[in-house]
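The primary structure of each chain is shown beneath.
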Amino acid sequence: MEDKLITLAIHTYEKAQILKTILETEGIEVYIHNVNLIQPVVSAGVRVRIKESDLPKALQVIEDSHWLDDLEEETTDTDKQKKKVLIPVDFSDYSLKACEIGFNYAVQIGAEVMIMHAYYAPYFPMAVPMGDTLAYQIDDGRELGVVLNRVRADMDNIYNYINQKIALGELPKIKYHHILREGLPEEEIIAFAKEYNPSLIVMGTRGNSQKDLDLIGSVTGEVIDHNRIPVLAIPENMPFKDLAEMKNVGFATSFVQQDLVTFDVFMRFLRPFNVNIHLFNISTTHDQWNEIRLTGIQEYLKKQYPDADISYTVLDDGDLLQAINTFIHSKQIDLVALSAKRRNIIARIFNPSIARRMLFHSETPLLVIHGK
């Protein structure tokens, strides 16, 4: 009977090729699947497959070579040079909360910070709905320079506030800059993120007292939908100022391969922290396959991340967001992460009324990771 193929690991194209070379030098036949034939170098989620009979030898080769550790060590210095955190602000209290979280996270990963404000100066005397952005009203005949001076003054105020916090030891002393951009906030944030290439975008969100002006679902939703960088949405009433205080984090899965790629990004985000990781499904149908698949993913991840504390939960039937909210409270979840590839889920979460139930009422930050 022919020896069947099994998946040994799932990596980026570059790592899959390195692993393939190492194994083949030991006489193990290797096949890689799911390669983007048009742009193979940007493929993610590439499966490294071998014959089942070669599995014990392959695992021994991997353990002895420490190939992945060596690769990560080689790229550490380069990564440090590129680490940046972007914090869009609108000078509100919840923007300051995002600054606290962003600065404390940046010092943990050795990153610099860019504080950005995008201002919209209406050229017409009509009322323009701005959602959660800070609109500057201009009467007929007043020059645009008045708006720019006001924006600069507000930016100076937040700059002085941060410097004072740093001097008092309430914020870490790190390298940071600030920038102003004119235009629609969501468009300018997306455009600048492409130029700046941060590791993370941190955005504050209003609490449930602001019933008509929810950033979640407007500016933040647009930023999540149209950029490739992870976005951390920080609720106004989040109970802590430093992600190092987290104890339990939740990761949503739909039992698909893409989630394994997203989980790798998630684990890099968590690298500075010591937390318990809780996998949970985002399917509203409770059946035995959910538990089997979730258990299978858990077992795979424990092999890939043996030092991580990973458990799993299958949500109850019924309303998905209510089930997530119950899960958050029962497991005392401090942060929820999910993939932006789950567009139907994103669409439901970023409906303002549902967002208030999931985020604002539970005061739980949301990390959205764009699948590659």
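In case you missed it, the structure is sitting above this.
A short tour of the structure in this document, coming up. Since the model is a prediction, treat every value here as computed from it, not as a measurement.

Some remarks on the overall build of the protein chain
Argument step 1. For the protein chain, the helix and strand inventory stands at twelve helices and 13 strands.
Argument step 2. Across the 372 residues that make up the protein chain, the buried fraction comes to 49%.
Argument step 3. Nonlocal contacts in the protein chain, meaning residues at least 24 apart in sequence, comprise 75% of its contacts between residues at least 6 apart.
Argument step 4. Here the protein chain has roughly 18,700 Å² of accessible surface; of this, 48% comes from carbon and sulfur atoms.

Examining helix 10 (residues 320-330)
Argument step 1. Looking only at helix 10, the buried set comprises Leu320, Leu321, Ala323, Ile324, Asn325, Phe327 and Ile328.
Argument step 2. A positive phi of about 55° marks glutamine 332, the residue just after helix 10.

Remarks on the environment of tyrosine 300
Argument step 1. The residue tyrosine 300 is located in helix 9 (residues 288-304) in this model.
Argument step 2. Distance from tyrosine 300 to leucine 8, taken between C-alpha atoms, is 9.8 Å for residues 292 residues apart in sequence.
Argument step 3. In this structure tyrosine 300 touches Ala9, Ile10 and Leu260, once residues within four positions along its chain are discounted.

Some details on the side chain of threonine 253
Argument step 1. Here threonine 253 is to be found in strand 9 (residues 248-253).
Argument step 2. The exposure class assigned to threonine 253 is buried, which follows from its relative accessible area of 1%.

Quick look at the side chain of histidine 278
Argument step 1. As for its position among the elements, histidine 278 is in strand 10 (residues 276-281).
Argument step 2. Leaving out residues up to four positions away in the same chain, histidine 278 has contacts with Asn248, Val249, Gly250, Phe251, Ser311, Phe327, Lys331 and Ile333.

Re the sheet that holds strand 1 (residues 5-11)
Argument step 1. The antiparallel open sheet is built from three strands, whose spatial order is 1-3-2. Since the sheet does not close on itself, it has two edges, and those belong to strand 1 and strand 2 (30-33), each with one partner. Recorded for the sheet is a direction-independent mean angle of 30° between the axes of neighbouring strands.
Argument step 2. Pairing geometry for strand 1 and strand 3 (residues 46-51), over six bridges, is antiparallel. Residue pairing across strands places isoleucine 6 opposite isoleucine 50, the latter belonging to strand 3.

What about the nonpolar core?
Argument step 1. Counting 55 residues, the largest nonpolar core has Phe103, Leu243, Phe263, Phe266 and Ile277 as its most contacted members.
Argument step 2. The greatest single-element share of this core, amounting to eight residues, is contributed by helix 4 (residues 93-109).
Argument step 3. Those residues within four positions of isoleucine 277 in sequence are excluded, and the remaining contacts are Val249, Phe263, Phe266, Met267, Leu270, Ala308, Asp309, Ile310 and Ser311.
Argument step 4. Ile190, Ala193, Ile201 and Ala323 belong to the second-largest nonpolar core, a separate cluster that totals 33 residues.

Description of the pattern of salt bridges
Argument step 1. By the definition in use, this model includes eight salt bridges.
Argument step 2. One salt bridge in this structure joins glutamate 24 and lysine 20, with 2.8 Å as the shortest N-O distance. With a gap of four residues between them, glutamate 24 and lysine 20 both fall in helix 1 (residues 13-24), about one helical turn apart.
Argument step 3. Assessed through its relative accessible area of 37%, glutamate 24 is described here as partly exposed.
Argument step 4. With a closest N to O distance of 4.0 Å, lysine 241 and glutamate 100 form a salt bridge.

Thoughts on the pairing of strand 12 (residues 335-339)
Argument step 1. Where burial is concerned, most of strand 12 is hidden: five out of the five residues are buried.
Argument step 2. Both faces of strand 12 are covered, namely the face carrying Leu335, Ala337 and Ser339 and the face carrying Val336 and Leu338.
Argument step 3. Direction of pairing for strand 9 relative to strand 12: parallel, over a ladder of three bridges. The residue bridging valine 249 from the neighbouring strand is leucine 335, located in strand 12.

Thoughts on the packing of aromatic side chains
How two aromatic rings sit relative to each other is set out by the distance from centre to centre and by the angle between their planes.
Argument step 1. For the coordinates displayed, the defined rule picks out eleven aromatic pairs.
Argument step 2. Residues phenylalanine 103 and tyrosine 176 carry aromatic rings whose centres are separated by 5.3 Å and whose planes lie at 65° to one another, so their mutual orientation is edge-to-face. Note that phenylalanine 103 is positioned in helix 4 and tyrosine 176 in strand 6 (residues 176-182), a separation of 73 residues in sequence. For the pair phenylalanine 103 and tyrosine 176, one class covers both residues: buried.

A short note on unusual backbone geometry
Argument step 1. You will see that phenylalanine 91, though not glycine, has its phi angle at about 70°, which is positive.
Argument step 2. Residue position: phenylalanine 91 is located in the loop between strand 4 (84-88) and helix 4.
Argument step 3. Within the chain, asparagine 197 stands out as a residue other than glycine whose phi angle is a positive 55°.
Argument step 4. Examined against the element boundaries, asparagine 197 turns out to sit in the loop between helix 6 (185-196) and strand 7 (200-205).
Argument step 5. With a relative accessible area of 48%, asparagine 197 lands in the partly exposed category.

Analysis parameters
- Residues numbered from 1 in each chain as written.
- Predicted model: local features only at pLDDT ≥ 70, side-chain atom pairs only at ≥ 80, totals over all residues.
- Heavy atoms only, no water.
- Helix = DSSP H or I, 4+ residues; strand = E, 2+ residues; numbered from the N terminus.
- Buried < 20%, exposed > 50% of the residue type's maximum accessible area, 1.4 Å probe, protein only.
- Contact = heavy atoms within 4.5 Å.
- Areas by Shrake-Rupley, 256 points an atom, 1.4 Å probe, with all protein chains shown as cover.
- Pairing = 2+ DSSP bridges.
- Axes fitted to C-alpha atoms, helices over the stretch in contact; angles between N-to-C directions.
- Core = buried A, V, L, I, M, F, W, Y, C linked by side-chain atoms within 4.5 Å.
- Salt bridge = Lys/Arg side-chain N within 4 Å of Asp/Glu carboxyl O.
- Phe/Tyr/Trp six-rings, centres within 6.5 Å; stacked < 30°, edge-to-face > 60°.

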